[in-house]
Amino acid sequence: MARSDPHLTAAETKGLRAARELEGHVKWLESFTPAALGVLAVASGIYTYLGVSSLLEDTGAMSFFAAVAYSVAVSVGIFVFWSYMMRLLPAMRTASGLVGLVLSTIIGSFAIIAMSSWLNAAALAGSAAVEQHLENTVRDYQGGLERAHEIALSGQALGREVERARQTFEALADQERSGDLSGAAGEGAVFRVLTQKTEELSNLEQQIAAQSPLITAAFEEGNRILGRMRELTVAPGPVDQRSVLFAEESVRLAGVIASLNQYSVATLVTRAAQDLPASVVLPELDGRNSDVRAAQSSTIASVLSALDQRSQTLKRAADEVLALEPPAETVYNPISSADAVIRYAGNFVPSWAGAIAIDLLPAILVFVLAITQAAIRSGRDGISVEETLTLSDLKAALNAMRDVETTMAAADADLDRRSDPGRSAPLAHSSDKAAE
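Quick caveat: nothing in here was measured; it's all calculated off a predicted structure.

Reading guide: rules and limits
Residues numbered from 1 in each chain as written. Predicted model: local features only at pLDDT ≥ 70, side-chain atom pairs only at ≥ 80, totals over all residues. Heavy atoms only, no water. Helix = DSSP H or I, 4+ residues; strand = E, 2+ residues; numbered from the N terminus. Buried < 20%, exposed > 50% of the residue type's maximum accessible area, 1.4 Å probe, protein only. Areas by Shrake-Rupley, 256 points an atom, 1.4 Å probe, with all protein chains shown as cover. Expected span 1.5 Å × (residues − 1). Phe/Tyr/Trp six-rings, centres within 6.5 Å; stacked < 30°, edge-to-face > 60°. Contact = heavy atoms within 4.5 Å. Core = buried A, V, L, I, M, F, W, Y, C linked by side-chain atoms within 4.5 Å. Patch = residues over 30% accessible without salt bridge, like charges linked within 9 Å, V, L, I, M, F, W, Y side chains within 5 Å. Salt bridge = Lys/Arg side-chain N within 4 Å of Asp/Glu carboxyl O. pLDDT = per-residue confidence, 0-100.

### Points about the overall build of the protein chain
Point 1. Scanning the protein chain for helices and strands turns up 12 helices and 0 strands.
Point 2. Listing every helix and strand of the protein chain by position from the N terminus yields α-α-α-α-α-α-α-α-α-α-α-α.
Point 3. Within the protein chain, buried positions represent 34% of all 436 residues.
Point 4. Surface exposure of the protein chain reaches about 25,300 Å², of which carbon and sulfur atoms provide 60%.

Structure follows, in structure tokens:
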């Protein structure tokens, strides 16, 4: 629709000037934007190469070329993708086209993160992430060692229960010897039953006591191994080599924890408690008369009842130890730097932010350029081409018109000469005479 007023309003003039100013800035920025985009793409490719190299186990020529090929493909892909977006998205005028390109930008950004950013993060923080994995593994092993030691000590506490039971039967045996228990002094049938159980409990007590130095030695050895593992976690040098030594120490520590689990005497006490009343060998009653034998029989029955009660007490105490939650099984699994940086991503947010930013920074430039182009179009809307011409544009147009006219005049003259060759000869002859 043609404008009825040939003059620009103040607002239109201001918008046109702003559009021309933005166009000048855009032209200047476009002069080095491809180079800057290329630098970002190459930098991302370099870090991608470092990340890929950490994933490849082989260090031969094929692995080298494979890593180089992947990093070059990433650099080219990033450069081409963002070049497309910088050219097409700001120039898009329709809403459907703009939405489609924005969605393409988002999908492409996720693809770049998937193929490059996590490898960049592995290059930036891969070693630190592996060290974090080693530290967490040490913490798990320490928890397992302490838990196994705690359970073993709880088993050793059963020795006090066994000791009290032994002392009880020893006291009863002394009473029987003096005649205060069954009424018949000496070492008769009742005394032999009590002595038998006292010896069994004494043997069990000695077995429990024998485990104590083994538990102490195993716990000290486990702590020494943990100390070496902690040193490997923070030691200088390549983390891959330290991981190998760390794995060897973890195997030794796992063996120590297994030994501590075996040193627990709870199972032994449970079996002994079950055998305590069941393994009584009843002697023949040796009383001098029927009254004494009846007293011995009654006392033996009381002793068996006491044995049963002590057995239940020991079994309950041992069952409480057995019911304790065993240490969680800890196994050290070696991990690559790329996998470690993903597993412990929350601990390396700055590295992840830098790795993603180097790939997705051009997205900011794309949207800035799109906003600028929209502002330029807004400043030129409703203004005809003639009204947007500057003095320099007018001079260039006039020079172009003169060039066109000169070219057309020369073409017409050449056409006339070709169509009437005779006219050119007299003209040439008169020219020669005039020269004379």
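Still more to cover.
### Brief notes about helix 3 (residues 61-88)
It helps to recall that an α-helix has 3.6 residues per turn; residues three or four apart then point in one direction.
Point 1. Over its 28 residues, helix 3 runs 40 Å from end to end, which matches the ideal 40 Å to within 8%, given 1.5 Å per residue.
Point 2. Within helix 3, burial applies to Ser63, Ala67, Ser71, Val74, Ser75, Ile78, Phe81, Trp82, Met85 and Met86.

### As for the packing of aromatic side chains
Point 1. For the structure shown, the criterion picks out 5 aromatic pairs.
Point 2. When the centroid spacing of 6.2 Å and the interplanar angle of 85° are considered together, the rings of Tyr49 and Phe64 count as edge-to-face. Remark: Phe64 occurs in helix 3 and Tyr49 occurs in helix 2 (residues 33-55); sequence separation between them is 15 residues.
Point 3. Its relative accessible area of 23% is what places Tyr49 among the partly exposed residues.
Point 4. Seen from their ring centres, Phe64 and Phe65 are 5.4 Å apart, and the 65° between their planes marks the pair as edge-to-face.
Point 5. According to the relative accessible area criterion, Phe64 is partly exposed, its value standing at 42%.
Point 6. Grouping aromatic residues by their ring pairs yields a cluster made of Tyr49, Phe64 and Phe65.

### Details of helix 6 (residues 239-262)
Point 1. For helix 6, which comprises 24 residues, the first-to-last C-alpha distance of 34 Å matches the rise-based estimate of 34 Å (1.5 Å per residue) to within 8%.
Point 2. Buried residues of helix 6: Val239, Arg242, Ser243, Phe246, Glu249, Ser250, Leu253, Val256, Ile257 and Leu260, and no others.

### Quick notes on the environment of Asn203
Point 1. Mapped onto the elements of the fold, Asn203 is located in helix 5 (residues 189-234).
Point 2. Note on Asn203: relative accessible area 42%, which makes it partly exposed.
Point 3. Separated by 37 residues in the primary sequence, Asn203 and Arg166 have C-alpha atoms spaced 9.9 Å apart.

### Considering the environment of Ile215
Point 1. Summarising the element assignment, Ile215 is placed in helix 5.
Point 2. For the pair Ile215 and Gln156, spaced 59 residues apart in sequence, the C-alpha to C-alpha distance is 9.4 Å.

### A word on the side chain of Ser243
Point 1. Within the fold, Ser243 resides in helix 6.
Point 2. With near-sequence residues (within four places) excluded, Ser243 lies in contact with Val130, Leu134 and Tyr332.

### A short note on the nonpolar core
Point 1. One finds Tyr141, Leu145, Leu226, Met229, Phe246, Leu253 and Val341 to be the most contacted residues of the largest nonpolar core, which totals 32 residues.
Point 2. Looking at this core, the elements that each hand over two or more residues are helix 4 (95-178), helix 5, helix 6, helix 9 (337-343) and helix 10 (349-380).
Point 3. A per-element tally of this core places helix 4 first, with 11 residues.
Point 4. Sequence-distant contacts of Met229, that is, excluding residues within four places in its chain, are made with Val138, Tyr141, Phe246, Glu249, Ser250 and Leu253.
Point 5. Listed in part, the 20 residues of the second largest apolar core include Ile151, Leu194, Val265 and Leu307.

### Considering the environment of Phe79
Point 1. Within the secondary structure, Phe79 sits in helix 3.
Point 2. In sequence terms Phe79 and Asp359 are 280 residues apart; their C-alpha atoms lie 9.8 Å from each other.

### A few points about a nonpolar patch on the surface
Point 1. Taken together, the side chains of Val72, Val76, Phe79, Val80, Tyr84 and Leu88 present a nonpolar region at the surface, about 520 Å² in accessible area.
Point 2. Relative to the elements of secondary structure, Leu88 occurs in helix 3.
Point 3. We classify Leu88 as partly exposed; its relative accessible area is 42%.

### Notes on the pattern of salt bridges
Two side chains that carry opposite charge are able to pair once their charged atoms sit near each other.
Point 1. Counted by the stated rule, this structure contains 7 salt bridges.
Point 2. In this structure, Arg139 and Glu135 form a salt bridge, with 3.4 Å as the shortest nitrogen-oxygen distance. On the criterion of helical spacing, the pair formed by Arg139 and Glu135 is a turn pair, its members being 4 residues apart in helix 4.
Point 3. Judged by its relative accessible area of 38%, Glu135 falls in the partly exposed class.
Point 4. Arg228 is the salt-bridge partner of Glu249, the closest N and O atoms lying 3.3 Å from each other.

### Overview of the confidence of the model for the protein chain
Point 1. With 75% of its residues at a pLDDT of at least 70, the protein chain reaches an overall mean of 77.
Point 2. Considering only residues more than four positions removed or in separate chains, one finds that residues 1-5, a stretch of pLDDT under 50, has 5 contacts.
Point 3. Confidence drops under pLDDT 50 across residues 424-436; counting only partners more than four residues distant or on other chains, this segment forms 0 contacts.

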